[in-house]
Amino acid sequence: MKELRIGIIGTGMISNRHMTIWSHIPGTKVVAGCDIDQAKVRAWGERYGIPEEDLYVDFREMLKRDDLNAIDVCVHNNLHTPVSVAVMKAGFPCYCEKPMAASYADAKIIYDAAKATGQKLAVQLSSIYNLQTRLAKKMIEEGKLGKLYHARSVGHRREGRPGFDMPNFSRDFISKEIGVHGPLCDLGIYHLSQMLYVMGMPELDTVFGVSSADYYQDPRLLPPGLTYDVEDLSVGIATFKNGVSLDIYEDWAMHMDEVGTSFIAGSLGGLKLLDVDTSGGDLALSKERRLAGASAQKPTLEFFGYEDGMKTSKVINCQENGRREVLADPRMALYNDNQVHWVAYLRGELDDSSRIDSPYIAMETALLSDAIFLSQAQHRSVTGEEVRAMSQSVALRRQETPWGVIEYDF
Ligand SMILES: NC(=O)c1ccc[n+]([C@@H]2O[C@H](COP(=O)([O-])OP(=O)(O)OC[C@H]3O[C@@H](n4cnc5c(N)ncnc54)[C@H](O)[C@@H]3O)[C@@H](O)[C@H]2O)c1
């Protein structure tokens, strides 16, 4: 097996999770890294044993190398479009963090760039690579829920605004210029994409949405000169052309103990989706923790319906069953992790018909999230067609860095 030599762009927090996962994937090696912050990329290089000559502050220099096979993009939200497009135009396959982009228009720019360049693109969506999602999708396809009519996409934190009252996280999460949006474009992306995917990617009909940023902001938590510029709550109601409705609730902070979970309801049964994977599953854990059988999360399904003519409910621990599934059929491991899946696609072990099309799912998820924001701006519900036409690119075209300006061309 030929070694896959990978370069990483953006050596912040999430790059560490990617590095842990890369360390578990045989035949892959991260050989170069780039961050606009020299001290940061040097510390990262030391942590992972990557020598100084393979560290860059300007990713365009790294992309001139001819000994890299793939690029992993770990910059923040509003840089996904400019950097991913540059990566693919330079001739590299691209793995991009979520959200694909802050607007539908920007997500489509990435999607179209992959088609135009012929490069293999994937978007990190950990919630769709696990048994919870596969089983929910299969149960729906087999008709176990009957005719679907309503679903709910939910995420809640009592108080957890990354970069604000979660200080270890990047401040970019709460910046309009870089993070762009709050919880809906953060954990909401995992919940929305999972719902769309398990329901078979229904075509969007209408959306009404509102967002706010009214949860108390303790002024002592923001250093002078910084502001909290994004939402802390987004809610909406969407309808699809197949008649199904979806209510959407995503917050980062709410004075409330719990707001329920995501679910899907049909004429014959309902499915609750508990502890949806937002943290990368088993491979995101160190080798020691994996061997000890630890789980980052425990995705679980609860089914409510009829069996033998009687009302019944049952619980499926998807993490444990998922491990057994892989023991029985090792190929299923290809469907349990984003990075493993992308590598299998790059190596030709998966093709366009057998892989999960994360770029398409991520782009349609961006359509839904953008619809919530556009609906609020218009003070009315919007149709899917309108959002496709109205959505604007907001991605950075010019970036000031500690060493100069990067002009992006996309
Ligand atoms: N932190 C998490 O737990 C987490 C989880 C899942 C997904 N994500 C996603 O990952 C992305 C990054 O998040 P993060 O928390 O790692 O942010 P971060 O700010 O810690 O890391 C981003 C890094 O990119 C660097 N960067 C910016 N512009 C660059 C450029 N032009 N070239 C090279 N480097 C550049 C920054 O200096 C920074 O070090 C976000 O889109 C986020 O939604 C983060």
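Residues numbered from 1 in each chain as written. Predicted model: local features only at pLDDT ≥ 70, side-chain atom pairs only at ≥ 80, totals over all residues.

Student: I tried to follow the sheet that holds strand S15 (residues 382–383) on my own but got confused; where do I start?
Tutor: Strands pair in a sheet through their backbones, by hydrogen bonds, and they do so in one of two ways: parallel or antiparallel. Taken together, the 9 strands give an open sheet; going across it, the order is S14-S13-S12-S11-S7-S10-S9-S8-S15, and neighbouring strands pair in mixed fashion. Edge positions in the sheet fall to strand S14 (310–317) and S15, since each of these pairs with one other strand and no more. Taken together, the 2 bridges between strand S8 (residues 204–212) and S15 define a ladder with antiparallel strand orientation. Residue pairing for S15: valine 207 is matched across the bridge by valine 382. Where helix H7 (residues 187–198) meets the sheet, it contacts strand S7 (148–155), strand S9 (233–240), strand S10 (245–251), strand S11 (262–266) and strand S12 (269–274), and its direction lies at approximately 160° from that of S7. Contacts between helix H11 (residues 358–378) and the sheet are confined to S8, S9, S10 and S15, with S8 contributing the most and set at about 65° to the helix. (Pairing = 2+ DSSP bridges. Helix = DSSP H or I, 4+ residues; strand = E, 2+ residues; numbered from the N terminus. Contact = placed C-beta atoms within 7 Å. Axes fitted to C-alpha atoms, helices over the stretch in contact; angles between N-to-C directions.)

Student: Could you clarify how one ought to interpret the domain arrangement of the protein chain in this entry?
Tutor: Bring the parts together and some accessible area is lost; that lost area is often taken as the interface size. Along its sequence, the protein chain is organised into domain 1 (4–126) and domain 2 (128–360). The C-alpha-based centres of domain 1 and domain 2 are spaced at 23 Å. Residue-level contacts link 29 residues of domain 1 with 32 residues of domain 2. Of all the secondary structure elements, the ones that give two or more residues to the side of domain 1 that touches domain 2 are helix H1 (13–24), helix H5 (104–117) and strand S6 (121–123). Take the side of domain 1 that touches domain 2: its biggest share by element is 7 residues, from H1. Class assignment for the residues of the side of domain 1 that touches domain 2 results in 16 nonpolar, 10 polar and 3 charged. (Domains from an automatic or database assignment. Nonpolar A, V, L, I, M, F, W, Y, C, P; charged D, E, K, R; others polar.)

Student: Mind showing me how you'd approach the packing of H5 against H11 here?
Tutor: Running from N to C, H5 and H11 point in directions that differ by 165°, and their axes come no closer than 8 Å. Between H5 and H11, the angle falls in the class roughly antiparallel. For the element pair H5 and H11, the recorded crossing hand is left-handed. The segment H5 lies against H11, with Tyr104, Ala107, Lys108, Tyr111 and Ala114 engaging Pro359, Ala362, Met363, Ala366, Leu367 and Asp370. Here the residues of the contact of H5 with H11 are counted per class, giving 9 nonpolar, no polar and 2 charged. (Parallel < 35°, antiparallel > 145°, perpendicular 65-115°, else oblique. Left-handed = near helix turned anticlockwise from the far one by under 90°.)

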